[in-house]
Amino acid sequence: MAGLSTTGTGSNSLQTSLHLTRLCRAADVPEDGGLRVELPGRLPVAVFRVGSEYFVTDDRCTHGEGPLSDGTIIGEEIVCPFHMGAFCLRTGEPTAPPCVEPLRTYAAVNRDGEIFGALSAPHVEQSRAAHGG
Ligand code: FES
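Conventions and cut-offs
- Residues numbered from 1 in each chain as written.
- Predicted model: local features only at pLDDT ≥ 70, side-chain atom pairs only at ≥ 80, totals over all residues.
- Helix = DSSP H or I, 4+ residues; strand = E, 2+ residues; numbered from the N terminus.
- Buried ≥ 20, exposed ≤ 12 C-beta atoms within 10 Å, placed from the backbone.
- Contact = placed C-beta atoms within 7 Å.
- pLDDT = per-residue confidence, 0-100.
- Pairing = 2+ DSSP bridges.
- Axes fitted to C-alpha atoms, helices over the stretch in contact; angles between N-to-C directions.

**Brief notes about the overall build of the protein**
Piece 1. Helix and strand counts for the protein come out as zero helices and 11 strands.
Piece 2. Of the regular secondary structure in the protein, the N- to C-terminal order runs β-β-β-β-β-β-β-β-β-β-β.
Piece 3. Every one of the 133 residues in the protein was classed for burial, and the buried ones make up 30%.
Piece 4. Looking at the protein alone, contacts between residues at least 24 apart form 38% of all its contacts between residues at least 6 apart.

This is how it looks when you write it as structure tokens:
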């Protein structure tokens, strides 16, 4: 995997080449399984472990509300627990129907037993449920 750089200084720079967000401890991710990680200001992500390799994707399936961290890993694919659609963990491409839209994937870095994800700019759904006021 190509080397990734972090921005260790600078309190509020708006433009960084690659910002890594700490997600979890590597040991918290089950082997050949996933872990849901809640983050402020964005949809949860899922961290997957396949052998000694880690992958980070959005947790929500692009077909519906399926939590992919509860899915089943087969090879390098994650199978959604809701309707058995599947995605390639490496590319996010859908590999089994009914999934047709790609899943967002993010570079994962294991640094001293901590997993970081290159989550670029937070993307928050524009269609928010009207709640409170
Ligand atoms: S919600 Fe994932 S396949 Fe339907």
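**Thoughts on the confidence of the model for the protein**
Piece 1. Across the protein, the average pLDDT comes to 84, with 77% of residues at 70 or higher.
Piece 2. Considering only residues more than four positions removed or in separate chains, one finds that residues 1-16, a stretch of pLDDT under 50, has 12 contacts.
Piece 3. Counted against residues more than four places away or in other chains, residues 121-133, with its pLDDT under 50, gives six contacts.

**Looking at the sheet that holds strand β7 (residues 86-88)**
Piece 1. Spatially, the four strands line up as an open sheet ordered β5-β6-β7-β8, and their pairing is antiparallel. Two strands in the sheet have a free side with no partner beyond their single neighbour: β5 (72-74) and β8 (94-96). Ignoring strand direction, the axes of neighbouring strands in this sheet form an average angle of 30 degrees.
Piece 2. Pairing analysis gives two bridges linking β7 to β8, with the strands arranged antiparallel. Looking at β8, one finds that Phe87 is bridged to Pro94.

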